[in-house]
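A look at the structure
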Amino acid sequence: MIARAALLGGVFIASALLRPDVANAQEQLVGTRTVAVGASYERVSFGGAGLTQSAFAGVDTTRVQNAQQLTIPISASAPIGGGWRLDLTTLYGAGRVRFTDASSSGGTNSATLSGLSDLRVRATGRFLRDNVVLTLGINAPTGRTELDGAQFSTL
């Protein structure tokens, strides 16, 4: 009798723990409004005398010692009514490359590039009982539009 009561108690506790509102089994995968930020850092070093590059940073020949980059993607999403959803995405990036002029005994130089990328705007709507999805999008030119030689080489 005690074993049966313990078994029923265990079944009751297990069923209480596995209820959807407790176990979050029915939780939405995407919230109604979201903001997301991430980060990625990469660094590449070239051993020895470096990696030979021609026509780099306005110099005929250079040797790249290392390159590094930090990127931070930023996105936001929210419903805008009538079954439509608006998404905004941009990216902040900062990079630096270190190099030496291979044709002379010059010191190590560096070139940098940083700023926001273009803004991607997307609207998504559902029609015909959610059987058809329409997506409209545009890339707004909010990033850099001109680069000098060193910035282009850094890119």
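In this report, the structure presented in the accompanying data block is examined. Counting of residues starts from 1 at the beginning of each chain's written sequence and follows it residue by residue. Per-residue local features are limited, in this predicted model, to residues with pLDDT of at least 70; the limit for side-chain atom pairs, both in listing and counting, is 80 or more; totals at the level of whole chains, interfaces and linings are taken over all residues. The side-chain figures draw on all heavy atoms in the structure; neither hydrogens nor water molecules are used.

1. Topic: the overall build of the protein chain
Heads up, the condition is: In this text, helices come from DSSP runs of H or I with a minimum length of four residues, and strands from runs of E with a minimum of two, each type numbered from the N-terminal end. Think of it in three bands: with a 1.4 Å probe and only protein chains considered, a residue is buried below 20% of the maximum accessible area for its type, exposed above 50%, and partly exposed in between. The criterion used for residue contact is that any of the two residues' heavy atoms lie within 4.5 Å. Surface accessibility in these figures is a Shrake-Rupley result with a 1.4 Å probe; residues are shielded only by whichever protein chains are displayed.
Counting secondary structure elements, the protein chain contains three helices and eight strands. Ordered by position from N to C terminus, the α and β elements of the protein chain give α-α-β-β-β-β-β-β-β-β-α. Classification of the 155 residues of the protein chain by burial places 15% in the buried group. When contacts within the protein chain are restricted to residue pairs at least 6 apart in sequence, long-range pairs at least 24 apart make up 53% of them. When the accessible surface of the protein chain is totalled, it reaches about 11,100 Å², and 58% of it is carbon and sulfur.

2. Quick word on the environment of Asp87
Let me state the cut-off plainly: Here a polar contact means two N or O atoms within 3.5 Å. Within protein one must be a hydrogen donor candidate and the other an acceptor candidate, and residues neighboring in sequence count only if both atoms are side-chain atoms.
Relative to the assigned elements, Asp87 resides in strand S5 (residues 84-101). According to the relative accessible area criterion, Asp87 is buried, its value standing at 9%. In the structure, Asp87 is positioned 54 residues away from Arg33 in sequence and 9.8 Å away in space, judged by C-alpha atoms. Look past the residues within four positions of Asp87 in its chain and what remains in contact with it is Ala76, Ser77, Arg120, Val121, Arg122 and Thr124. Side-chain polar atoms of Asp87 contact the side chain of Ser77, separated by 2.5 Å.

3. With respect to the pattern of salt bridges
Defined as follows: The working definition used for a salt bridge is a side-chain nitrogen of Lys or Arg within 4 Å of a carboxyl oxygen of Asp or Glu.
All told, the structure shown has one salt bridge when counted by the stated rule. The closest approach of N and O atoms between Asp87 and Arg122, which form a salt bridge, is 2.8 Å. Of this pair, Asp87 sits in strand S5 while Arg122 sits in strand S7 (residues 119-127), placing them 35 residues apart in sequence. On the basis of relative accessibility, which here comes to 31%, the residue Arg122 falls in the partly exposed class.

4. Quick word on the side chain of Asn66
Structurally, Asn66 is set in strand S4 (residues 59-81). Using a relative accessible area of 5% as the deciding quantity, one classes Asn66 as buried. What Asn66 contacts, discounting residues up to four positions off in sequence, is Arg43, Val44, Ser45, Phe46, Arg96, Val97 and Arg98.

5. Quick notes on the side chain of Gln68
Mapped onto the elements of the fold, Gln68 is located in strand S4. Given a relative accessible area of 18%, Gln68 falls into the buried group. Only 3.1 Å separates the side chain of Gln68 from the side chain of Arg43, close enough to count as a polar contact. In contact with Gln68, other than residues within four places in its own chain, are Tyr41, Glu42, Arg43, Ala94, Gly95 and Arg96.

6. Notes on a nonpolar patch on the surface
Stated precisely, the cut-off is as follows: In this analysis, a patch consists of residues with relative accessible area above 30% that form no salt bridge, clustered at 9 Å for like charges and at 5 Å for the nonpolar side chains Val, Leu, Ile, Met, Phe, Trp and Tyr.
Taken together, the side chains of Phe127, Leu128, Val132, Leu134 and Leu136 make up a nonpolar region of the molecular surface, amounting to roughly 440 Å² of accessible area. Considering every element that reaches the nonpolar patch, the biggest residue donor is strand S8 (residues 132-140), with three residues. On the basis of relative accessibility, which here comes to 47%, the residue Leu136 falls in the partly exposed class.

7. As for the environment of Gly82
Inspection of the secondary structure assignment puts Gly82 in the loop between S4 and S5. The class of Gly82 is exposed, set by a relative accessible area of 73%. Sequence spacing of Gly82 and Phe127 is 45 residues, and the spatial spacing of their C-alpha atoms is 9.9 Å.

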